[in-house]
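Now for the letters of each chain:
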Amino acid sequence: MRLVPYAFALLLLPLAPAAAEEAAPGDGPDDGIATFTLANGLEGVVIEDRRAPVVTHMVWYRVGAADDPPGLSGLAHFLEHMMFKGTETLDEGEFSRIVRANGGEDNAFASYDYTGYIQRIASDRLDLVMSMEADRMANLAPSPASAISELDVVIEERRQVVENTPGGVFGEQRRAIQYLNHPYQRPVIGWMHEIERLTLDAAMDFYAEHYGPNNAILIVAGDASVEEVQALAEQHFGPIPPNPNVAERERVAEPPHIAARRLEYRDPRVQNPYVIRSYLTEPRRPADQAEAAALTVLADVLGRGITSVLARELRVEDDFALDTGAFYGDTALDLTTFGIYVIPNPGIPLEEAEARMDAVIERFLEEGPDPDQLERIKTQIRASEIYALDNLGSRARRIGVALTSGLTIEDVRAWPDALEAVTAEEVVAAARAVFRPETSVTGWLLGTGEATGDGPTDIGIGTEILGE
Amino acid sequence: MTRASLSAALAAATLLASGPAAVAGTEHPTTPEAAAAERDGPRTRIDIAEVTSPGGITAWLYEDHTIPIVTLEASFRGGAALDPAETAGATALMANLLREGAGDLDATAFAAELESLASSLGFSAGSDAVSVSATTLVENVEETFDLLRLALVEPRFEQDNLARTRARQVASLRSDAMDPGSIASRTFWARAFPDHPYARPADGTIETVEALDRDDVVAAHERALARDNLLLAVVGAIDAETLAPLLDEVFGGLPAESAERPEPAEAALAGEVEVIEFGIPQSVVAFGHAGIPRDDPDFIPAFVLDHVLGGGGFGSRLTAEIRERRGLTYGIFTFLAPNDLGWLYMGRFSSANDRVAEAIELVRAEWARTAAEGITEDELERAQQFLTGAYALRFDGNARIASQLLGLQIAGLGTDYVNERNALVEAVTLEDIERVADRLLDPEALSFVIVGQPQGVEASEAAVR
């Protein structure tokens, strides 16, 4: 018995004029990246790397949790689960079974601005996975029964990744007040009471509105040329007509942020309380990445490793904190955040930790970055472009995230130079611009001990043998 | 199937990451057609050279000049299992301190040197080994390897850094003690190997780590890092002639012999069900019983059997029954844990408190059914197709190749294994599976540790303590 070769008699849709527009292999620098666009709007990106006879095959849709209808948070993610539940010609679970029978791995992921499907497989099976991915782009048909058990799976997923961990709950609560109006305030997986209301019909409506070649990006990385990929894409995706329901994503906008927000979350499981503050800010924008580059470098200057500003002051020169850091989400369709955190040594009140954190930032704004550190960060940024070549999957992901977040391949290519060009003055200017209290959310994650957040308390954990 | 990318930049994550004592199966194999292609096609052959330095240090080398980087992975066998009970966690603390200053460089200067080179060095301790990884641009190989030598051979172990690093290790242990997954895993290992180093987390316990001093760290360094317990894999833009003398420069200054390792132990699991009450909405479950050592002739059939029962994720019996058919969990998987000194066959899942009892009964039922009936010819063929076809996926990229090269050495296999392994998987017959199912699967011994507030779970008397 062989599950392998698969003839699809299902893409017999009215033919769009099969044509490759603007195939542009060899555009841009010699980074092995080439692009093309099919007549039906499907964009293709190929990263050729012949080191191993393996390809990473991905389809990204420009739709995510931020597009969930009000009251149905979690819908984009639920649909992502349902995409494995069968098409007009494939049974429930058969997609994955066929991938596996061919020695491949498959998975999927959902975020605010994108939903993606991925397979890693021997390069001579690219044809097969692409034919199945094209099939479920147009012909999804899960059974109602599969939706019922899959909704239970999603509920368990929420319990596992959010509710079972204090950090998961805290992060969700912080996000909910970071955005006053924008759907980024909702969890990708959805609020529990809304997950419970999701239905197959709602998922299929969402699919009908957002899935289609004109809202998708095909990315193939590995042992394949752009010519090969484009020919296969024409064959499998080419016949799918554009989806006329696909509209530009226009999410509701944030009103001006006027008041700084604070929250405190207590959970008896918290052993190492910390303070974390995030500020609303802009991500990279098409052909306008300088400020985002400065924020990226700023996050490294403040928070990366023990030579960083926060670590030097709070961990090396003074034994005050267990850990410190800074982060910036450079890619998002709408607004993003820049943040800093301090996990103080046990017994130190978070009030004091927050005051020290503020003092470090205050002094940094006065003094600016240490030129030696800035130079080392630049060196690392240059090298990271070379290191990145080793991991095809993560190169492909970076491109997928960028292209679904409003950026172009040109922006992706220009990003290393944008980082390289950042000056010390720009880092300070970016810091001054981003640290606006009125856009901030300051969170304290605490145990259930003193208000200041000291060590562990009794929460009744103990071993017990039931049934005695 | 998915992990929604929830705000991943969470501060705590940096502290919380510390591996449980469990080590997943070293062998994670791949399809017959693809496999055939793999063996036949010259591009798919992996040629590994064995390089021996003038001083007698051996490394496996996979040379590839496509990208100007070099990756080194090393494993000093022994690891935290060498720690005496009263200084448990000393080897982990020692490993955590290797980057905190060496030779003339204090911790900050050491880190700044690495940053200037854009190189990375990592050290960590597990139950069976101290692991080392180094990545560098080819132009900085010598300087990076010299920093590696400094860290391994001339660590400063300064009092100041020791206190801070110890505090971080304790903080991480405190978090683990409140993390249901860690609790389940640690409790399971403690039950499986009582009175053995495997009963203790590699990071030690809060009590033992708090009491560690510089002498303990120095003693751990002497026990754990030597030339006789060192396995090495190097991948990337470097040839054997360049590599050989560097091996002596980096590792030649280590002592010749490491400490003697403890004796292996038999897993002492006999069907216990332990419930650890914990206030969470979903119970976290670790389960399993004795496994099979990596050098057992039946290891490959056992590996194939595990793929069908629970190791294969989607398509496996447990995932089909418990996730896909009934929606009782987000994920269930099993794995062979053939550690050097003891072997388990383990699994993990989480399920709502009011549904976990049903899930446990299903695990038991699938275990018993598979023990009694084995697997079908169709299942065997699918497993072989996947395992042989997917083997190539483990070799796309220097970092992946390096970890495979090291894993093969840990498993005691030869440099040709990579080109022979798919034939071994293909050779597995239903009779082999039946034999190994009989040896490996023991429904009576299947033991569970449940962390949460499970409803309707009967704990066994054997679990009273």
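Residues numbered from 1 in each chain as written. Chains lettered and ligands numbered in written order. Predicted model: local features only at pLDDT ≥ 70, side-chain atom pairs only at ≥ 80, totals over all residues. Heavy atoms only, no water.

### Describing the overall build of chain A
If you tally the helices and strands in chain A, you get 15 helices and 13 strands. Counting only contacts in chain A whose residues sit at least 6 apart along the sequence, the fraction spanning at least 24 positions is 80%. Accessible surface, chain A: about 17000 Å² in total, of which carbon and sulfur atoms supply 52%. (Helix = DSSP H or I, 4+ residues; strand = E, 2+ residues; numbered from the N terminus. Contact = heavy atoms within 4.5 Å. Areas by Shrake-Rupley, 256 points an atom, 1.4 Å probe, with all protein chains shown as cover.)

### Section: empty space enclosed by the protein
Residues and elements named next belong to chain B. Taken as a whole, the largest cavity encloses approximately 70 Å³ of empty space. Together, A80, A81, D83, A88, G89, S127, P197, Y198, R200, P201 and A202 line the largest cavity. The class makeup of the residues in the lining of the largest cavity is seven nonpolar, two polar and two charged. (1 Å grid on protein atoms, 1.4 Å probe; cavity = no way out; pocket = protein on both sides within 12 Å on 5 of 7 lines; lining within 4 Å. Points joined across faces, edges and corners; volume = space filled by probe spheres on them. Nonpolar A, V, L, I, M, F, W, Y, C, P; charged D, E, K, R; others polar.)

### Quick look at the environment of B:G181
All names here are of chain B. Within the secondary structure layout, G181 lies in helix α7 (residues 180–192). Expressed as a C-alpha distance, the spacing of G181 and S350, which sit 169 residues apart in the sequence, is 9.1 Å. When sequence neighbours within four positions are dropped, the list of residues in contact with G181 reads V284 and R348.

### Some thoughts on unusual backbone geometry
Residue and element names in this part refer to chain B. In this structure, A118 takes a positive phi of about 55 degrees despite not being glycine. For A118, the position within the fold is in the loop between α4 (107–117) and β6 (120–125). On the basis of relative accessible area, A118 is assigned to the buried category, the value being 6%. Phi is positive for F157, close to 45 degrees, though the residue is something other than glycine. With respect to the secondary-structure elements, F157 resides in the loop between α5 (141–153) and α6 (159–176). (Buried < 20%, exposed > 50% of the residue type's maximum accessible area, 1.4 Å probe, protein only.)

### Points about the sheet that holds β6(B)
Residue and element names in this part refer to chain B. Strand order in this open sheet of six strands is β1-β2-β8-β3-β7-β6, and the pairing throughout is mixed. The open sheet has two edge strands, β1 (49–52) and β6, and neither has a second partner. Each adjacent strand pair in this sheet contributes to an overall mean axis angle of 20 degrees, direction not counted. The pairing of strand β2 (residues 58–63) with strand β8 (residues 230–236) spans four bridges and is classified as parallel. If you follow L61 over to β8, its bridge partner there is V234. Helix α15 (residues 398–410) contacts β2, β3 (69–77) and β8 of the sheet and is inclined by roughly 155 degrees relative to β8. (Pairing = 2+ DSSP bridges. Axes fitted to C-alpha atoms, helices over the stretch in contact; angles between N-to-C directions.)

### Section: the packing of aromatic side chains
Applying the stated criterion to the full structure yields 26 aromatic pairs over all chains. Ring centres 5.9 Å apart and planes at 85 degrees place the aromatic pair B:F287 and B:W367 in the edge-to-face group. Of the two residues, B:F287 is situated in strand β10 (residues 282–290) and B:W367 in helix α13 (residues 356–373); the sequence distance between them amounts to 80 residues. With respect to class, B:F287 is no different from B:W367; both count as buried. The ring of A:F84 is capped by A:R136, whose NZ or CZ atom sits 4.6 Å from the centre of that ring. The ring of A:F320 carries A:R356 above its face, with NZ or CZ at 4.7 Å from the centroid. (Phe/Tyr/Trp six-rings, centres within 6.5 Å; stacked < 30°, edge-to-face > 60°. Lys NZ or Arg CZ within 6 Å of the ring centre and 35° of its normal.)

### Details of the side chain of A:R376
In this structure, A:R376 sits in helix α12 (residues 371–388). Accessibility expressed as a relative area gives 13% for A:R376, which makes it buried. Not counting residues within four places of it along the chain, the set of residues in contact with A:R376 comprises A:T307, B:A112, B:E115 and B:S116.

### Notes on the nonpolar core
Within the largest apolar cluster, 64 residues are counted, with the highest numbers of intra-cluster contacts made by B:F287, B:F349, B:V363, B:W367 and B:F448. Sorting elements by how many residues they give to this core places helix α11 (residues 299–311) of chain B first, with eight residues. Looking at this core, you find at least three residues from each of domain 1 (30–251) and domain 2 (273–463) of chain B. Apart from the residues within four sequence positions on either side, B:W367 is in contact with B:F287, B:H289, B:L309, B:L318, B:T334, B:Y345, B:L441, B:D442, B:P443 and B:L446. One finds A:V129, A:I189, A:A203 and A:F206 within the second-largest nonpolar core, a separate group that totals 59 residues. (Core = buried A, V, L, I, M, F, W, Y, C linked by side-chain atoms within 4.5 Å. Domains from an automatic or database assignment.)

### Things to note about helix α1 (residues 75–82) of chain A
Counting buried positions over the eight residues of α1(A) gives eight, a clear majority of the element. Taken as a whole, α1(A) has its buried residues at A:L75, A:A76, A:H77, A:F78, A:L79, A:E80, A:H81 and A:M82. Tucked inside the fold, the buried residues of α1(A) contact β5 (105–110), β6 (115–122), α4 (144–163) and α7 (200–210) of chain A together with α12 (317–325) of chain B.

### Some words on the sheet that holds strand β12 (residues 440–446) of chain A
All names here are of chain A. Taking strand neighbours across the sheet as the criterion, the five strands line up as β8-β12-β9-β11-β10 in an open arrangement whose pairing is mixed. Each edge of the open sheet carries a strand with a single partner, namely β8 (261–266) and β10 (321–328). Looking at each pair of strands side by side, their axes are set apart by 15 degrees on average, direction ignored. The pairing of strand β9 (residues 274–281) with strand β11 (residues 336–344) spans seven bridges and is antiparallel. The partner of I276 across the bridge, within β11, is Y341. In the packing of helix α5 (residues 166–178) onto the sheet, the strands contacted are β8, β9, β11 and β12, and the crossing angle to β8 comes to about 160 degrees. Across the face of the sheet, helix α9 (residues 290–303) comes into contact with β9, β10 and β11 while running at roughly 175 degrees to β10.

### Digging into the packing of α1(A) against α7(A)
All names here are of chain A. For the pair α1 and α7, interaxial distance at closest approach is 9 Å and the crossing angle is 95 degrees. Between α1 and α7, the angle falls in the class roughly perpendicular. Here α1 contributes L75, A76, F78, L79 and M82 to the contact with α7, which in turn contributes L200, A202, A203, F206 and Y207. Across the contact of α1 with α7, the residue classes tally to 10 nonpolar, no polar and no charged. (Parallel < 35°, antiparallel > 145°, perpendicular 65-115°, else oblique.)

### Details of the pattern of salt bridges
This structure, assessed with the given rule, holds 63 salt bridges over all chains. Between A:R120 and B:D396 there is a salt bridge, and its shortest N-O distance comes to 2.7 Å. Residue A:R120 is found in strand β6, and its partner B:D396 is found in the loop between α14 (377–390) and α15; the two belong to separate chains. The exposure class of A:R120 is buried, given its relative accessible area of 12%. Owing to a relative accessible area of 9%, B:D396 belongs among the buried residues under this scheme. Between A:E172 and A:R158 there is a salt bridge, with its nearest N and O atoms 2.8 Å apart. A residue pair is termed long-range when its members are at least 10 positions apart, and A:E172 in helix α5 and A:R158 in helix α4 qualify at 14 residues. Pair check on accessibility: A:E172 and A:R158 agree, each one buried. Linked by salt bridges that have partners in common, A:E105, A:R120, B:R394, B:D396 and B:R400 make up one network. (Salt bridge = Lys/Arg side-chain N within 4 Å of Asp/Glu carboxyl O.)

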